[in-house]
Amino acid sequence: MRLFLDIGNTAMKWRLYSPGKPRMQGGQAHRRDWASLVDELAQRCGGHVRELWVASVAGREGDQLLEKELLRALGAQPRFYYSPAAGAGVVNAYADPARLGVDRWLAMVEVWHRTGAAVIVDCGSALTLDAVDGNGQHLGGYIVPGLAMLRGSLFQGTAQVRVTDSAPATLGLGCSTSAGVENGVLRMSVAFVTDVVVELRKTLSDTCPVFITGGDAAVLQPHLGFATQAEPDLVLDGLERVVSGAGDGTQG
Ligand SMILES: Nc1ncnc2c1ncn2[C@@H]1O[C@H](COP(=O)(O)OP(=O)(O)O)[C@@H](O)[C@H]1O
Ligand SMILES: CC(C)(COP(=O)(O)O)[C@@H](O)C(=O)NCCC(=O)O
Ligand SMILES: [K+]
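What counts, and at which threshold
Going along each chain's sequence as written, the residues are numbered from 1 onward. Chain labels run from A onward and ligand labels from 1 onward, assigned in the order the entries are written. At least 70 in pLDDT is required for a residue's local features to be given in this predicted model, at least 80 for side-chain atom pairs to be given and counted, and no such filter applies to totals for whole chains, interfaces and linings, which use all residues. Heavy atoms from the whole structure form the basis of all side-chain values; hydrogens and water molecules are not counted. Those domain boundaries reflect an automatic or database domain assignment. In this analysis, two residues are considered to be in contact whenever any of their non-hydrogen atoms come within 4.5 Å of each other. Each of two parts loses accessible area, computed with a 1.4 Å probe, when they are put together; buried area is these two losses added. UniProt positions are given in the numbering used here, feature names are shortened, and annotations may be inferred rather than shown by experiment. Grid spacing is 1 Å over the protein atoms alone, the probe is 1.4 Å, and a cavity is where that probe fits but cannot get out, while a pocket is an open set with protein on both sides within 12 Å along at least five of seven lines and lining residues have an atom within 4 Å of a point. The helix and strand labels rest on DSSP assignments: H or I over at least four residues marks a helix, E over at least two residues marks a strand, and numbering proceeds from the N terminus. Between buried and exposed lies partly exposed: a residue is buried under 20% and exposed over 50% of the maximum accessible area for its type, with that area taken using a 1.4 Å probe on protein chains only.

(A) Region of the structure containing the domain arrangement of the chain. Here the domain parsing of the chain yields domain 1 (2–81) and domain 2 (95–240). One C-alpha centre belongs to domain 1, the other to domain 2; they are set 25 Å apart. Each partner contributes to the interface: domain 1 provides 17 residues, whereas domain 2 provides 12 residues. With both sides pooled, the region where domain 1 packs onto domain 2 buries about 1200 Å², and carbon together with sulfur makes up 62% of that total. For the domain 1 face of the interface with domain 2, the top three residues by lost area are Phe4, Arg15 and Tyr81, together amounting to 44%.

What follows is the structure, encoded as structure tokens:
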């Protein structure tokens, strides 16, 4: 069986593939406690992992610890996939390609193979936005704090700003501290994504598709004033594509 892992800064998502059987997948938040994370994964995936592919943005030290625990608990050598200069028909915009978050790279590769030119918004621990043109050229992107990080920075930087109730956020003016924060961070994020998409659609095409993924995609999507395609598993889809060599450079 092949096990694919998407390790973000907040959550780990996994997908188990064995030929002829339906894929199994799941995920959970981690606190960088790699040992217990891997033990729980081993309970779910059993001991028949033959190939283990990891897309991680946990950093070098995290990856080293993760590798040790995966070897211990699953008995399979993890293969870490990092962003290349080019691959699967897509060209990395970074002069130092490996510095591009592999989650961003894989989501972009997957989307380009599905639709060509596109904008990809990943509402994760950080909110990232990337653009790729019809030739597979990565045009670059942005990295801004995700919703939880925005809230957290307010809590850390102030004495009194706290969120005490969990009323769903809107884009409207807040009439309590909680609403002021929740509505504010939501509106900031929506305004940022909207502003960039409107500008990119002047060059890519005015109907260029926008894909949205990540743990907060469901929070943002209803408030965006344009159609977006929610795809929660873009990173795992992209990893499976590049690993199985299906990303052979031709689109579609
Ligand atoms: N069950 C959950 N566990 C952790 N974060 C969650 C969960 N559900 C929604 N979120 C939100 O999603 C963000 C994490 O996004 P996600 O894409 O899952 O993680 P990562 O950034 O690790 O890829 C968190 O910052 C939080 O705002
Ligand atoms: C920007 C990210 C932290 C997003 O990861 P996530 O929010 O999913 O944990 C990740 O893509 C990353 O570590 N990138 C490296 C820096 C860069 O992409 O330029
Ligand atoms: K992510």
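(B) Layout of the UniProt feature "binding site: substrate" (unreviewed entry) in the chain. This chain's UniProt record puts "binding site: substrate" (unreviewed entry) on Tyr94, Gly101, Val102, Asp103, Arg104 and Thr177. In sequence the annotated residues extend across 84 residues, and in space they extend as well, their farthest C-alpha pair lying 40.2 Å apart. The subset of the named residues that lines the largest cavity consists of Asp103 and Arg104. Counting through the fold element by element, valine 102 comes out in helix α3 (residues 102–115). The class for valine 102 is buried, based on a relative accessible area of 3%. When residues no more than four places from it in sequence are discounted, the contact partners of valine 102 are Ala55, Ser56, Val57, Tyr81, Tyr82 and Ser83. Of note, aspartate 103 is situated in helix α3. Given a relative accessible area of 19%, aspartate 103 falls into the buried group. Not counting residues within four places of it along the chain, the set of residues in contact with aspartate 103 comprises Val57, Asp122 and Val235.

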